[in-house]
Amino acid sequence: MTRAFRVIDTGIRDGRRQIAFDQAMIDARRADAIPDTIRFLRFPPTALIGRHQALSREVRLDYCRANGIGVVRRITGGGAIYFDEGQLGWELVFRRSTLGLASLADLARGICEAAAAGLRKFGVDARFRPRNDIEVDGRKLSGTGGFFDGDTLFYQGTVLIDLDPTRMVAALRIAEAKLAKRSLDTAAQRVVTLKELVGQAPSIDEVKCALVDGFAEQLGIEPLPGDITTDEETLAAKYHDDEIGTDAFVAQIDDPDAAEGVQQATITGTGGSVTAYVRFEGGAVDRIRDVLVTGDFFVTPPRTIFDLESALRGVEVGDAGAAVERFFSHADIGLLSASPADFRAAVEAAIAASNRPHIGALPTR
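Just so you know, these numbers come straight off a predicted model, no measurement behind them.

Undergrad: Tell me about the overall build of the protein chain, and please be specific about residues and values.
TA: When helices and strands are counted, the protein chain shows 14 helices and 16 strands. By the burial criterion, 52% of the 365 residues in the protein chain qualify as buried. When contacts within the protein chain are restricted to residue pairs at least 6 apart in sequence, those whose partners lie at least 24 apart make up 72%. For the protein chain, the exposed area adds up to about 15,200 Å²; of that, 47% sits on carbon and sulfur atoms.

Undergrad: Could you give an account of the layout of surface pockets, with specific residues and numbers?
TA: Space inside the second largest pocket adds up to approximately 270 Å³. What lines the second largest pocket is simply Q23, R51, I75, F147, D149, Y239, E243, I244, F249, P302, R303 and F306. Split by residue class, the lining of the second largest pocket holds 7 nonpolar, 1 polar and 4 charged.

Undergrad: For empty space enclosed by the protein, give the residues involved together with the corresponding values.
TA: In total, this model carries 1 cavity of 30 Å³ or more according to the counting rule given. Its boundaries defined by the atoms lining it, the largest cavity holds a volume of some 40 Å³. As for the largest cavity, its lining consists of R51, H52, I75, T76, G77, F147, V299 and P302. When the residues that make up the lining of the largest cavity are grouped by side-chain class, the tally is 4 nonpolar, 3 polar and 1 charged.

Undergrad: Hey, could you go over the pattern of salt bridges for me, with residue numbers and the actual values?
TA: By the definition in use, this model includes 30 salt bridges. R129 is paired through a salt bridge with E135; the nearest N and O atoms lie 2.6 Å apart. Classification of R129 by relative accessible area gives partly exposed; the value is 21%. The class of E135 is buried, set by a relative accessible area of 8%. With its nearest N and O atoms 2.1 Å apart, the salt bridge here joins R279 to D290. In this pair, R279 is assigned in strand 13 (residues 272–281) and D290 in strand 14 (residues 287–295), connecting sequence segments 11 residues apart. Overall, the relative accessible area of 12% leaves R279 in the buried class. Residue class for D290 comes out buried when judged on its relative accessible area of 18%. Through salt bridges with shared partners, a single ionic network connects R129, D133, E135, K140 and R190.

Undergrad: Summarise helix 5 (residues 104–119); cite the residues concerned and give the values.
TA: A rise of 1.5 Å per residue sets the reference length of helix 5, with its 16 residues, at 22 Å; its end C-alpha atoms lie 22 Å apart and thus fit the reference within 8%. Burial analysis of helix 5 places 12 of its 16 residues in the buried class, the great majority of the element. All buried positions along helix 5 are accounted for by L104, L107, A108, G110, I111, C112, A114, A115, A116, A117, G118 and L119.

Undergrad: Kindly report on the sheet that holds strand 11 (residues 222–225), identifying the contributing residues and their values.
TA: The mixed open sheet is built from 8 strands, whose spatial order is 7-8-9-10-6-2-1-11. For this open sheet the edge positions go to strand 7 (127–129) and strand 11, each flanked by a neighbour on one side alone. If you compare each strand with its neighbour and ignore which way they point, the axes differ by 25° on average. Pairing of strand 1 (residues 4–12) with strand 2 (residues 37–42), which is carried by 5 bridges, proceeds in the parallel orientation. Looking at the pairing, V7 lines up with I38 of strand 2. Most of the contacts of helix 5 go to strand 10 (residues 152–160), to which it runs at about 35°, and overall it touches strand 6 (87–95), strand 7, strand 8 (133–136), strand 9 (139–149) and strand 10.

Undergrad: How would you summarise the confidence of the model for the protein chain if you had to cite specific residues and measurements?
TA: Taken residue by residue, the protein chain gives an average pLDDT of 89. The fraction at 70 or more is 89%. With pLDDT under 50 throughout, residues 177–185 is counted as low confidence; its partners more than four residues away or in other chains account for 16 contacts. Within the model, pLDDT remains below 50 along residues 356–361, and this stretch shows 18 contacts once partners closer than five positions in the same chain are excluded.

What counts, and at which threshold
Residues numbered from 1 in each chain as written. Predicted model: local features only at pLDDT ≥ 70, side-chain atom pairs only at ≥ 80, totals over all residues. Heavy atoms only, no water. Helix = DSSP H or I, 4+ residues; strand = E, 2+ residues; numbered from the N terminus. Buried < 20%, exposed > 50% of the residue type's maximum accessible area, 1.4 Å probe, protein only. Contact = heavy atoms within 4.5 Å. Areas by Shrake-Rupley, 256 points an atom, 1.4 Å probe, with all protein chains shown as cover. 1 Å grid on protein atoms, 1.4 Å probe; cavity = no way out; pocket = protein on both sides within 12 Å on 5 of 7 lines; lining within 4 Å. Points joined across faces, edges and corners; volume = space filled by probe spheres on them. Nonpolar A, V, L, I, M, F, W, Y, C, P; charged D, E, K, R; others polar. Salt bridge = Lys/Arg side-chain N within 4 Å of Asp/Glu carboxyl O. Expected span 1.5 Å × (residues − 1). Pairing = 2+ DSSP bridges. Axes fitted to C-alpha atoms, helices over the stretch in contact; angles between N-to-C directions. pLDDT = per-residue confidence, 0-100.

This is the structure:
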């Protein structure tokens, strides 16, 4: 059976419009309005944060405003990244059954190994590093991530062709824990570009062709040049204007530390970090009033974290850890860069930081 994939390129667009097009593609594929698709995209200078991250903790907003750097919230999880014209974004949106792989982790491995195979055509030793990076000698050349939306998978990645690391470091707040985990002094040491590896930057078209070849050879698909549909553009414009392009969407999780009396804790593991912010009720038995969970993890379906936060409201503090375990054991959830134990540990550590009830207000999503 032929596994045909349409190949499109939306070029350089405002970052929020690019993310709105992500959601348009997902909805169009779910409705069978478009075929399985490979999309390429590029950004003007942009700081992109993950779906579950706290804005002010990840981005130096003053620097971005002063230097014309856009600020965008993705619809996928993961950590904050800096994007500009020297990088190429790639995405796949397709039916889960197309590749015959059931879990998000298996699909991530298959897609990343295919992308790495394409990048090896430039003579570099690009390799998949679980759970979602492509590296050369321990330095990241491509970061990836995605999720299921029903039977539709959306998976995306980047290729660092050329990059000004000083601007990246200035735009983002890189957690010291991330650097220490890899014995690095600066974030610039963590990444590597094709220009550095090869000696000169390959053209955008050369990188696109290499990736398409890698996907075709490793995933057994047939890439076919295609066109962007009018319906996709219309739907993307609607998502941009109604939600994804708004400041409210980008700042919906922002500076939880500012809430008076809220206790927080962060658990950092090999797959990323999970931070829990907890506000308590008073009374004879202490209970959780509100929980906010943030971090650079990937989880599917997309609303999983909202449901977890809802499940913890009103729970006795002594039962909170078990409540987290029950939530994950009873739900059909896929995790790529964190485990249920990480979420439990973050919530319990936040509770342990307080010996009495507190008042305050958590930000709303």
